Protein chains: 2
Amino acid sequence: MPIGIFDSGIGGLTVFKEINKSFPLTNLYYLGDTARVPYGNKSPETVIRYSLECGNYLYGFGIDALVIACNTASSYALKTLRKEFDIPVIGVVEPGVELALKITKNKKIGVIGTQGTIKSQSYKKSLLEKADVEVFQKPCPLFVPLVEEGMINNHITKMVVKEYLDEIVKKDIDTLILGCTHYPLLKETIKELYPHLQIVDSSQAITEYLQSHHIPKEEEGIKRIFITDESPAFEKLKKLLIGNIPVEKLQLSEICTL
Amino acid sequence: MPIGIFDSGIGGLTVFKEINKSFPLTNLYYLGDTARVPYGNKSPETVIRYSLECGNYLYGFGIDALVIACNTASSYALKTLRKEFDIPVIGVVEPGVELALKITKNKKIGVIGTQGTIKSQSYKKSLLEKADVEVFQKPCPLFVPLVEEGMINNHITKMVVKEYLDEIVKKDIDTLILGCTHYPLLKETIKELYPHLQIVDSSQAITEYLQSHHIPKEEEGIKRIFITDESPAFEKLKKLLIGNIPVEKLQLSEICTL
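Quick notes on the rules
Residues numbered from 1 in each chain as written. Chains lettered and ligands numbered in written order. Predicted model: local features only at pLDDT ≥ 70, side-chain atom pairs only at ≥ 80, totals over all residues. Heavy atoms only, no water. Domains from an automatic or database assignment. Contact = heavy atoms within 4.5 Å. Buried area = accessible area lost by both parts, 1.4 Å probe. Salt bridge = Lys/Arg side-chain N within 4 Å of Asp/Glu carboxyl O. Polar contact = N/O pair within 3.5 Å; in protein donor to acceptor, adjacent residues only side chain to side chain. Helix = DSSP H or I, 4+ residues; strand = E, 2+ residues; numbered from the N terminus. Pairing = 2+ DSSP bridges. Core = buried A, V, L, I, M, F, W, Y, C linked by side-chain atoms within 4.5 Å. Buried < 20%, exposed > 50% of the residue type's maximum accessible area, 1.4 Å probe, protein only. Phe/Tyr/Trp six-rings, centres within 6.5 Å; stacked < 30°, edge-to-face > 60°.

A.B. asks: When you look at the domain arrangement of chain A in this model, what are you seeing that I'm missing?
C.D. replies: Interfaces are often described in size by the accessible area the parts lose on coming together. Residue and element names in this part refer to chain A. Each assigned domain of chain A is listed with its residue range as follows: domain 1 (3-91 + 206-254) and domain 2 (93-202). On the side of domain 2, 24 residues touch domain 1, which itself brings 26 residues to the contact. A buried area of about 1,800 Å², summed over both sides, lies between domain 1 and domain 2, and 56% of it is on carbon and sulfur atoms. Counting across the interface, domain 1 meets domain 2 through two salt bridges. Across the pair E94 and R82 runs a salt bridge whose closest N-O atoms are separated by 3.0 Å. Put simply, domain 1 and domain 2 have 13 residue pairs in polar contact (both at pLDDT 80 or more) between them. Broken down by secondary-structure element, the contributors of at least two residues to the side of domain 1 that touches domain 2 are α1 (13-22), α3 (71-84), α10 (202-211) and α11 (232-242).

What follows is the structure in C-alpha cells.
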C-alpha cells in the first residue's frame, strides 16, 4: 500500500519523516512543489490547481493513499482532491483537530499557521463542528522563513515566537495546534517558552491517523523524494529531515498539466 | 515611450513608485508575478523562464523599455532578455552599481539581497569589473517576510537588521547597496541604526538611470498594474506603494507560455 505525500515545498518532509519512522516497510512518494513554493500567499483557486497537479503526479505511482502535507493545500483543496481521486485523501487538518480534542482539558485551543491557513479558518471550523471548545487563532508568517534560515532556536526566533504567541497564550489555552508543517522544527523553542502547553504537531497526528487505517506490507519500502526546483533552504534542512534519501528534481512542466 | 516594469511580486512597486514620481507623463505597465513569488529561492533556469514570460507579456503593450525590478531576475535573466527583446532592458544591478561607485569615498561597499541575488554574485562581479573596490556581501532572507508582515520599523526588525548588518558594517563600509526591491521600505530603520552609511536604493538608481536615457512625452501617462495572483502582503503595502492606482488580476496561464 504505497502512500503519496505532497507539500508546497520541503516543510512536509516533517510529515514524511514521521510516516517513514512508523511505516518503514511502506513505499513512500514525496513531492515538494519547490518551484512554486510557498502556497500560503497564493489565492484559493491557485492553491487548488497546484494541489490537483501534485496529486495527479503522485497518483501515477499507483498510490493507495494521498497525504496533503501542507496546511494551506489541506485547507483549500481537500474537498476537490477527494472528489478527484478514488483513494483516501488525508489532509493535515482533521488529524490535528482530532488529536487536539483528545488532549485538551480546559477546552481552550490555540491554532497557529500561515496567513492562508488561518484566513481559511479550516482548523477553527473543524474544531467547532466537532466539540464545544474555544479557539484562538494567530497567523505566524515569519516562522517559515526563520526555519528556512536555519534559525531554529536562537534569540531572534524566541523573540518572534513570543511576539506571535503571547497574545493567544494569555487566553489560557492548554493546547496549541501547529498548523504548518514547518512548525514542528520550532517545537522545542515553543516548549521552552511555554512549558505548560500541549503541542499538537500535524506530522505526529497524521501518523497516528494512518496507523489506525493502514497496515504496511511485509517488504522493504521504496522511498522517493521529488522536488520541482532546487531550494537553498532545503540544502540547509535536508540532513535534519531526510538523512541520506536521494532527491530527484522534476521539471515543473512534468506536473504542470492544468 | 511607454515603460514596462516587472518583478516576482510587489517589491518592484518601490521602483514603479519612483519611476512614476519622476515620469508622471509616461505610460507605465507593471507586472507582479505574485502567483510564483518569490524568485529568490528558485533555480537560475526557472528564474530565466519566468522572466521571459513576464517580459513577453509586457512587450505586448508596445513598450519602449523594459525594467527588471527584481534583483534575482536581473542577476540571472538580464542577458537572456537583452538577446530576446529589441528594446533597452534595464536591470537593477547596473544602476545600483554605478550609483554606489559614484558615492563611495573609502571604496568599501556592502551589498545585501536575497539568497539568490547574493549567490549569483552579480553586484560583486559588476563592482569589481568597473573599479578597484572592496565588496562585502550578506544575504538577508528575513527582510522580505518582515516587510510583507508590515514590520517596517519595530523592535524585531531592528534586531534582525543588526543580526545581518553588524558583520559587514564592521568591515568599515561607507556605502550599502540595497540589492532587493523590498529593502527600500527598511531604509529608515537601517539609517537609524547606521547613520553614517550612504544607502543605494535601486529604485532611485534606476530612476536616475532612466532620466539620463529617456524623455517623457507631453501627454498624461496611463498607469496599469497587473498581478498574477492576489497577495495578502500586497493588501498591507498597497496604499504605501501605489496609492489609488487600480490593480488588475491576470490568470497565470495568460503569461505562462514557455
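Here the narrative resumes, following the displayed structure.
A.B. asks: Whenever I open this one, the sheet that holds strand β2 (residues 28-32) of chain B confuses me. Can you help?
C.D. replies: Sheets are built from strands that pair by backbone hydrogen bonding, the pairs being arranged parallel or antiparallel. Residue and element names in this part refer to chain B. Judged by pairing direction, the sheet is parallel, and its six strands sit side by side in the order β4-β3-β1-β2-β9-β10 without closing on themselves. A strand with exactly one partner marks an edge of an open sheet, and here the two such strands are β4 (89-90) and β10 (247-249). In terms of strand pairing, strand β1 (residues 3-7) meets β2 through five bridges, oriented parallel. Bridge pairing in β2 links I3 to L28.

A.B. asks: Would you explain the nonpolar core in this entry?
C.D. replies: Nonpolar side chains tend to gather and get buried jointly when the protein is soluble and globular. By size, the foremost hydrophobic cluster in this structure holds 134 residues, and its most contacted members are L165 of chain A together with L165 of chain B. In contact with L165 of chain B, other than residues within four places in its own chain, are I112, C140, L176, I190 and Y194 of chain B. If you look at the next biggest cluster of nonpolar residues, it comprises 53 residues, including I87, V89 and L252 of chain A together with L250 of chain B.

A.B. asks: Help me understand the packing of aromatic side chains, please; the structure alone is not making it clear to me.
C.D. replies: Ring pairs (aromatic) are described by centroid distance and by the angle formed between their planes. Residue and element names in this part refer to chain A. Under the definition given, this model contains 18 aromatic pairs over all chains. Ring plane angle 75° and centroid distance 6.0 Å describe the contact between F16 and Y30, whose orientation is recorded as edge-to-face. Of this pair, F16 sits in helix α1 while Y30 sits in strand β2 (residues 28-32); the two residues are 14 residues apart in sequence, bridging distant segments of the chain. Arranged with centres 5.5 Å apart and planes meeting at 85°, the rings of Y57 and F226 form a pair that is edge-to-face. Of this pair, Y57 sits in helix α2 (residues 44-59) while F226 sits in strand β9 (residues 223-227), placing them 169 residues apart in sequence. Each member of the pair, Y57 as well as F226, carries the same accessibility label: buried.

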